[in-house]
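Here is how the chains run, residue by residue.
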Amino acid sequence: MEVILEVKNLKTYFYSSAGIGKAVDDVSFNIKKGQVLGIVGESGSGKSVTSLSILRLTPKDVSKIEGGQVLFKGEDLLKASETRMRAIRGGDIGMIFQEPMTSLNPVYTVGSQITEALMLHKGITAFEARERAIDMMNLVKIPDAERRLDEFPHQLSGGMRQRVMIAMALCCEPEILICDEPTTALDVTIQAQILELIKEMMVKFNSSVVMITHNMGVIAEMADEVIVMYAGKVAEQSLVDDLFQNPLHPYTEALLRSMPKLHSNEKLKAIRGMMPQGEMPEGCLFNPRCNYAKDICRREKPVTCDVAGRIVACWKYHKNWEASLE
Ligand code: ADP
Ligand code: MG
């Protein structure tokens, strides 16, 4: 499959009086044409900062992209001009944010926000853009599209606002759609409808999707391939079936165990301990919470291992594991 976006050794750090926070620390992955890549991890693991870094939207006053490459069809977006980035954002790469009100402007009608994007990226007239916006609103199943176009964001329900966001993100037919927790704020029925809609749109526009979530259920439903993030690093990268059948990283295993089973009264098991913030442990960042940790895990950073084409950053998969001390 053709690789459309390559993220290589990406590092995004936050700076404060408390010190440096390595929100994204040496993260690499590929997005292939027509694929859904899931990014999963607990809150604070660096999922949003990773996606914002791709579009160079991390807050400039407190953070900096310190290294790496983001190659979109070979072009390094980290070196592109601001003008070029404005064409990329919403044009070649669309983004749906977790909280629609952060990207919908409350003082403009939803229609004017969609038509503005179309006029900017497609260079079409206001009249054509309005026609196109109505088509898009119909496509994402917003009833009574023509009237809704003249409403303001606050007049719509959460589910409808999320549909407007999808219409906006897709109106320019982006090659990549980044969805950051697109359904977290919605109730389960609406959630399922929105995920279904994203799938339909993806097929229609032949786009690739990055689906960011802390929910393993959403991953199971949507992803072809999965990146598991922990404390700013990739713990594991696997195809979705492999991940569920045989999680490699102890953190993935813990995430799957904590996932509520459908139609059961089983209690959700929290992963013991907390993800480190600020002060990082020596060795593997997961070692204080890991059931398998040995001396080496507490001392040295794990090397990344290739296990039958899957990638895992854990000492358990290193050839010296059996021989290493308890
Ligand atoms: P996720 O999306 O996985 O929940 P984020 O990518 O939002 O996590 O955040 C990763 C880390 O980056 C957080 O743990 C936090 O320490 C840091 N971070 C994110 N945004 C900011 C910010 N605006 N200021 C300071 N630190 C931040
Ligand atoms: Mg987030």
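Draft legend 1. Structural context of helix H7 (residues 158-170). Compared with an ideal rise of 1.5 Å per residue, which puts 13 residues at 18 Å, H7 spans 18 Å between its outermost C-alpha atoms and is within 8% of the ideal. Counting buried positions along H7 yields twelve of 13 residues, so the element is predominantly enclosed. Every buried residue belonging to H7 is among Gly159, Met160, Arg161, Gln162, Arg163, Val164, Met165, Ile166, Ala167, Met168, Ala169 and Leu170, and all of these are buried.

Draft legend 2. Region of interest: the site of ligand 1. Surrounding ligand 1, one finds Phe14, Ala23, Glu42, Ser43, Gly44, Ser45, Gly46, Lys47, Ser48, Val49 and Gln277. A distance of 3.2 Å separates an oxygen atom of ligand 1 from a polar backbone atom of Ser45. Within the side chain of Gln277, a nitrogen or oxygen atom sits 3.4 Å from an oxygen atom of ligand 1. Contact with the protein chains removes 63% of the 560 Å² of surface that ligand 1 exposes when unbound. With three residues, the top contributor of residues to the shell around ligand 1 is helix H1 (residues 47-54). Residues belonging to the shell around ligand 1 are distributed by class as follows: three nonpolar, six polar and two charged.

Draft legend 3. Representation of empty space enclosed by the protein within the structure. With the rule as written, the count across this model stands at two cavities of 30 Å³ or more. Each pocket or cavity is described by its volume, and for the largest cavity that value is around 70 Å³. Here the lining of the largest cavity is composed, by residue class, of eight nonpolar, two polar and no charged.

Draft legend 4. The state of the cysteines, seen in detail. Tallied over the entire structure, the rule returns zero disulfides. The cysteine Cys305 is free of any disulfide, with Cys314 supplying the nearest cysteine sulfur at 7.6 Å. On the basis of relative accessibility, which here comes to 11%, the residue Cys305 falls in the buried class.

Draft legend 5. The pattern of salt bridges, seen in detail. One pass over the structure, following the stated rule, counts 23 salt bridges. Of the charged contacts in the structure, one is a salt bridge between Lys73 and Glu175, with a shortest N-O distance of 2.4 Å. Of this pair, Lys73 sits in the loop between strand S4 (63-72) and strand S5 (75-76) while Glu175 sits in the loop between H7 and strand S7 (176-180), placing them 102 residues apart in sequence. Ionic pairing is found between Arg148 and Glu151, a salt bridge with its closest N-O pair at 3.2 Å. The pair formed by Arg148 and Glu151 is uniform in burial state, with each residue classed as buried. What you see here is one network of salt bridges that share partners, running through Arg56, Glu82, Arg86 and Arg89.

Draft legend 6. Broad picture of the nonpolar core. Within the largest apolar cluster, 41 residues are counted, with the highest numbers of intra-cluster contacts made by Ile114, Ile166, Leu177, Ile198, Val209 and Met211. Mapped by element, the contributors of at least two residues to this core are helix H4 (110-122), helix H5 (126-139), H7, S7, helix H8 (188-205), strand S8 (208-213) and helix H9 (216-222). Considering each element in turn, this core owes the most residues, eight residues, to H7. Those residues in contact with Ile114, other than ones at most four positions away along the chain, are Ala133, Met137, Val164, Ala167, Met168 and Cys171. By size, the runner-up hydrophobic cluster in this structure holds 29 residues, among which are Leu37, Ile39, Ile88 and Met95.

Draft legend 7. Region of the structure containing the side chain of Gln35. Relative to the elements of secondary structure, Gln35 occurs in the loop between strand S2 (19-32) and strand S3 (36-40). Not counting the four nearest positions on each side in its chain, Gln35 is found in contact with Asn30, Met202, Ser208, Val209, Asp224 and Glu225.

Draft legend 8. Quick look at H1. Within H1, six of the eight residues are buried, which leaves it mostly tucked inside the rest of the structure. Listed in full, the buried residues belonging to H1 are Lys47, Val49, Thr50, Ser51, Ser53 and Ile54. One or two steps after H1, the chain reaches Arg56, where phi turns positive at roughly 55°.

Draft legend 9. Region of the structure containing the sheet that holds strand S6 (residues 93-96). Read from one edge to the other, the open sheet built from eight strands follows the order S6-S7-S8-S3-S9-S10-S12-S11, with strand pairing classed as mixed. At either end of the open sheet lies a strand with only one pairing partner, and these are S6 and strand S11 (304-307). Adjacent strand axes in the sheet meet at a mean angle of 20°, parallel and antiparallel pairs treated alike. Relative to strand S9 (residues 225-230), S3 is paired through four bridges, and the arrangement is parallel. Each bridged residue has a counterpart across the sheet, and for Ile39 the counterpart in S9 is Ile227. Each of S3, S6, S7, S8 and S9 is contacted by H1, which is oriented at about 150° to S7, the strand it contacts most. Relative to the sheet, H8 contacts S3, S7 and S8, its axis offset from that of S8 by approximately 160°.

Draft legend 10. How the structure looks around unusual backbone geometry. Its identity as a non-glycine residue notwithstanding, Asp144 has a phi of 60°, on the positive side. Mapped onto the fold, Asp144 is located in the loop between H5 and helix H6 (145-148). The class of Asp144 is partly exposed, set by a relative accessible area of 45%. In this model, Ala231 sits at a positive phi of 45°, which is unusual for a non-glycine residue. For Ala231, the location among the structural elements is in the loop between S9 and strand S10 (233-239). Overall, the relative accessible area of 7% leaves Ala231 in the buried class.

Parameters at a glance
- Residues numbered from 1 in each chain as written.
- Chains lettered and ligands numbered in written order.
- Predicted model: local features only at pLDDT ≥ 70, side-chain atom pairs only at ≥ 80, totals over all residues.
- Heavy atoms only, no water.
- Helix = DSSP H or I, 4+ residues; strand = E, 2+ residues; numbered from the N terminus.
- Expected span 1.5 Å × (residues − 1).
- Buried < 20%, exposed > 50% of the residue type's maximum accessible area, 1.4 Å probe, protein only.
- Near = heavy atom within 4 Å.
- Polar contact = N/O pair within 3.5 Å; in protein donor to acceptor, adjacent residues only side chain to side chain.
- Areas by Shrake-Rupley, 256 points an atom, 1.4 Å probe, with all protein chains shown as cover.
- Nonpolar A, V, L, I, M, F, W, Y, C, P; charged D, E, K, R; others polar.
- 1 Å grid on protein atoms, 1.4 Å probe; cavity = no way out; pocket = protein on both sides within 12 Å on 5 of 7 lines; lining within 4 Å.
- Points joined across faces, edges and corners; volume = space filled by probe spheres on them.
- Disulfide = S-S within 2.5 Å.
- Salt bridge = Lys/Arg side-chain N within 4 Å of Asp/Glu carboxyl O.
- Core = buried A, V, L, I, M, F, W, Y, C linked by side-chain atoms within 4.5 Å.
- Contact = heavy atoms within 4.5 Å.
- Pairing = 2+ DSSP bridges.
- Axes fitted to C-alpha atoms, helices over the stretch in contact; angles between N-to-C directions.

Honestly, that's just the spatial picture; any functional story needs more than this.
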